[in-house]
Amino acid sequence: MKNMKKLAALVLAASMAAASLAGCGKKVETKAEASKTSETSETTETSKASETSKTFKVALCLSGAANDMGWCQSAYEGLKLLESDYGCETAYTENLTPDDIEAAFADYAANGYDVVIGHGYEFGDPAVEVAEQYPDTKFIVTEGEVSADNVASYVTKCEEGGYIMGMLAAGMTKSNKIGFVGPIQGSSLVKIMNGFEDGAKSVNPDIEVQTAWTGSFTDTALGKEAAQAMIDNGADVIGHCANESGTGAINAAKEANVYATGDSYDQNGLAPETVLSSSVYHIPKVIETAFQTVSDGSFAGAIYELGMKEGAVSIASYHELEDKVPDEVKAEIEKKVSAIAAGEFTVPCDTKVR
């Protein structure tokens, strides 16, 4: 474990150095999509778009690529849902660094956007800063821990999915060693890593869980390097919550012919013979829930939590690997998922780095 902690420190240091170079002179590209709807006709009176006479302008800010088949893509699909079901005019900016966020928020607010969504905890403080200057704009932060008169945070109980993925990893390991790769330390990510470890140890208290932080949401090479070090140390199932960096971890598992678990999105398509299942966060539902409070006038600055019970978190199918997962493992996982959804079991939300 000491070696793994040392690896994590080295990987983090390398990524921070790279980030400091990449941040210089970065140009942020904004992609806007014209999506104004025509006046509602009698045939569409029952549509969601007809519930309001106003065409809302909604913008989305992302830390990574909108097509990452993970965390960012799930939010982008939520934006598209608002466009198609509510007739919103939408725009988005991807690959934002922390230094870019305030400027992106302010630009959208200054251009008359009614709602600006920051997807990830790192958007929280910038949202509060900019919101004070633009009181007529509503700011929504996913995984945030902030609130103000015109700022609301919507927290997905991602630790629930992490816990189940940990159970699955513990049920599938042959070496009694598993690994987990995170990106940049933050409470919304630490709770997933800790949930993974808690879930694994609920199955086998003596299991060895190796962990590492890459220091990047987008560097696939760093994710692959961290996962490979774990594999070299005997881990035969790799989990992650590392966005695009996590894709690198999955690639390492695929090349080493060991299993992996996905995060945020059903990631089986990235490696069908490798990804056992994924913790799926239904961010489109979260975004829709948040937007509805704006459209119906009930918006209130606060912090809201949504999990399996509310349909915001679920577990993907085993796809091609269905027959590889023992029936007893699947049964235990199904039982635990049902208990969480029914409120009979609460996954600890531990945000302290271990």
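Scoring rules and cut-offs
Sequence positions are assigned chain by chain, starting from 1 and proceeding in written order. Local features in this predicted model are restricted to residues whose pLDDT is 70 or higher, and side-chain atom pairs enter the listing and the counts only when it is 80 or higher, whereas totals over whole chains, interfaces and linings include all residues. Based on all heavy atoms of the structure, the side-chain values leave hydrogens and waters out of the count. Numbering goes from the N terminus for both helices and strands, where a helix is a DSSP run of H or I of at least four residues and a strand is a run of E of at least two. Two residues form a contact once any of their heavy atoms are found within 4.5 Å. A fitted line through C-alpha atoms represents every axis, and for helices the fit uses only the stretch in contact; the resulting angles, taken between N-to-C directions, go from 0 to 180 degrees. To sort the angles, those under 35 degrees are grouped as roughly parallel, those over 145 as roughly antiparallel, those from 65 to 115 as roughly perpendicular, and the leftovers as oblique. A crossing counts as left-handed when the near helix is turned anticlockwise from the far one by less than a right angle, and as right-handed when that turn is clockwise. For this scheme, ten residues count as nonpolar: Ala, Val, Leu, Ile, Met, Phe, Trp, Tyr, Cys and Pro. Four count as charged, namely Asp, Glu, Lys and Arg, and the remainder, Gly too, count as polar. Defined by distance alone, a disulfide is two cysteine sulfur atoms within 2.5 Å. Each residue gets one of three labels from its accessible area relative to the maximum for its type: buried under 20%, exposed over 50%, partly exposed in between, using a 1.4 Å probe on protein chains only. We treat two strands as partners when DSSP finds at least two bridges between them. Orienting the strands away from the viewer, one traces the path from the first strand over the helix to the second; a clockwise path indicates a right-handed crossover. Salt bridges are defined as contacts in which a side-chain nitrogen from Lys or Arg sits within 4 Å of a carboxyl oxygen from Asp or Glu.

*Asks:* I'd like a description of the environment of Phe291, backed by residues and values.
*Replies:* Within the element layout of this structure, Phe291 appears in helix H9 (residues 283-295). Between the C-alpha atom of Phe291 and that of Phe56, which follows or precedes it by 235 residues, the distance is 9.7 Å. The contact partners of Phe291, leaving out residues within four places of it in the chain, are Phe56, Val58, Leu82, Tyr86, Cys88, Val115 and Ile140.

*Asks:* Give a detailed account of the packing of helix H5 (residues 158-172) against helix H10 (residues 327-341), specifying residues and quantitative values.
*Replies:* It is the contact of H5 with H10, at a shortest axis distance of 10 Å, that shows an interaxial angle of 165°. On the basis of the axis angle, H5 is roughly antiparallel to H10. Our pair here, H5 against H10, has a crossing hand that is right-handed. Note on element contacts: H10 touches H5 through Val329, Glu332, Ile333, Lys336, Val337 and Ile340, opposite Glu160, Tyr163, Ile164, Met167, Leu168 and Gly171. Here the contact of H5 with H10 is built from residues that sort into eight nonpolar, one polar and three charged.

*Asks:* Please set out the state of the cysteines residue by residue, giving values where relevant.
*Replies:* Within this structure, the stated rule accounts for zero disulfides. The thiol sulfur of Cys158 is not disulfide-bonded, and the nearest other cysteine sulfur, from Cys241, lies at 8.7 Å. On the basis of relative accessibility, which here comes to 2%, the residue Cys158 falls in the buried class.

*Asks:* Explain the pairing of strand S10 (residues 259-264) residue by residue, including any values.
*Replies:* Among the six residues in S10, five count as buried, and that is most of the element. By the bridge criterion, two bridges tie strand S9 (residues 237-240) to S10 in an arrangement that is parallel. The residue bridging Ile238 from the neighbouring strand is Ala260, located in S10. Once you follow S9 into helix H8 (residues 243-256) and on to S10, the crossover reads as right-handed.

*Asks:* Describe in detail the pattern of salt bridges, supporting the description with residues and values.
*Replies:* Counting across every chain of the model gives 11 salt bridges. A salt bridge links Glu197 to Arg354, with the nearest nitrogen and oxygen atoms 3.5 Å apart. Of this pair, Glu197 sits in helix H6 (residues 187-203) while Arg354 sits in the segment after H10, and the two are 157 residues apart along the sequence. According to the relative accessible area criterion, Arg354 is partly exposed, its value standing at 44%. Close ionic contact of Arg354 with Asp198 constitutes a salt bridge, the shortest N to O distance being 3.0 Å. One end of the pair, Arg354, is in the segment after H10; the other, Asp198, is in helix H6, and 156 residues separate them in sequence.

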